[in-house]
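In case you want the letters, here they are:
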Amino acid sequence: AQSVTQLGSHVSVSEGALVLLRCNYSSSVPPYLFWYVQYPNQGLQLLLKYTSAATLVKGINGFEAEFKKSETSFHLTKPSAHMSDAAEYFCAVTSGGGQGNLIFGKGTKLSVKP
Amino acid sequence: GAVVSQHPSWVICKSGTSVKIECRSLDFQATTMFWYRQFPKQSLMLMATSNEGSKATYEQGVEKDKFLINHASLTLSTLTVTSAHPEDSSFYICSAGLAGGPDTQYFGPGTRLTVL
């Protein structure tokens, strides 16, 4: 069975500070991993995905994530937060090949202070 | 990019009534549509997967007679919550996908259902 744990339901950073959103996964097969962002009253938008190629994945809006098998982690980072980054972020996992259903974490709400 | 809409964005209904939620892919044809439910401060949970013209596949624990899914065309899927009860109050999100893996899923904005 696969599962995702997002540490911290709410993260607050100052504008210009490093953003770090944590995601740990559990999977008995090689996983595909995703980060989605949800702005208020909007659908989920794919930020980036890991599909067994490069372990450091770059996504949209300056975000990136690194797959670390030894730590079963896929943390999301951004060097410098913008006010527009304030949103809900979801980590998700599926089975290798990307054909399985998405299993989502509970989400982390990111607040950015001026 | 691909856009998915949901209607209504929020609905309040009385216990015992039925509510229909529409999910439309606006600029592409979706071979598969997914319905998720999200309780406050919890994960999105997949309820069912539907392919156009065939019966939906429900996840374990989801009552198919209570949550009726119709995928009549490649751009429209509907979820009907029948005989709604307060415990059905939740945020319902649909996604539409092309053939392939979950990275081809495009999510709607969600529908907030409140059952009184």
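Residues numbered from 1 in each chain as written. Chains lettered and ligands numbered in written order. Predicted model: local features only at pLDDT ≥ 70, side-chain atom pairs only at ≥ 80, totals over all residues. Heavy atoms only, no water.

J.: Where do I start with the overall build of chain A in this structure?
T.: Of regular secondary structure, chain A possesses 0 helices and 11 strands. Going residue by residue from the N terminus, the α and β elements of chain A occur as β-β-β-β-β-β-β-β-β-β-β. Over its C-alpha trace chain A gives a radius of gyration of 13 Å, about what one expects of a compact globule, namely 13 Å for 114 residues. Here the C-alpha coordinates of chain A stretch approximately 40 × 25 × 20 Å along the principal axes. (Helix = DSSP H or I, 4+ residues; strand = E, 2+ residues; numbered from the N terminus. Rg over C-alpha atoms; globule rule 2.2 N^0.38 Å.)

J.: Where do I start with the pattern of salt bridges in this structure?
T.: Proximity of charged atoms lets side chains of opposite charge pair with each other. Residue and element names in this part refer to chain B. Counted according to the given criterion, the structure contains 4 salt bridges over all chains. We note a salt bridge from Lys66 to Asp88, for which the minimum N-O separation is 2.9 Å. Residue Lys66 is found in the loop between strand E6 (57-58) and strand E7 (67-73), and its partner Asp88 is found in the loop between strand E8 (76-81) and strand E9 (90-97); the two are separated by 22 residues along the sequence. The same class applies to Lys66 as to Asp88, namely buried. (Salt bridge = Lys/Arg side-chain N within 4 Å of Asp/Glu carboxyl O. Buried < 20%, exposed > 50% of the residue type's maximum accessible area, 1.4 Å probe, protein only.)

J.: Honestly, the packing of aromatic side chains in this entry has me stumped. Any pointers?
T.: Within a pair of aromatic rings, the relevant descriptors are the distance that separates the centres and the angle that separates the planes. Across all of its chains, the model carries 13 aromatic pairs over all chains by this definition. Taking 5.4 Å as the distance between ring centres and 75 degrees as the angle between the ring planes, the aromatic pair formed by Tyr36 of chain A and Phe107 of chain B counts as edge-to-face. Of this pair, Tyr36 of chain A sits in strand E4 (residues 31-38) while Phe107 of chain B sits in strand E10 (residues 105-107), placing the two residues on different chains. In this structure, Tyr36 of chain A and Phe107 of chain B share a single accessibility class: buried. With 6.3 Å between their ring centres and 90 degrees between their planes, Phe90 of chain A and Phe104 of chain A make a pair best called edge-to-face. Of the two residues, Phe90 of chain A sits in strand E9 (residues 87-95) while Phe104 of chain A sits in strand E10 (residues 103-104), which places them 14 residues apart along the sequence. Here Phe90 of chain A and Phe104 of chain A have matching classes, each one buried. Taken together, the aromatic side chains of Phe34, Tyr36, Phe90 and Phe104 of chain A together with Tyr36 and Phe107 of chain B make up a single cluster linked through ring pairs. (Phe/Tyr/Trp six-rings, centres within 6.5 Å; stacked < 30°, edge-to-face > 60°.)

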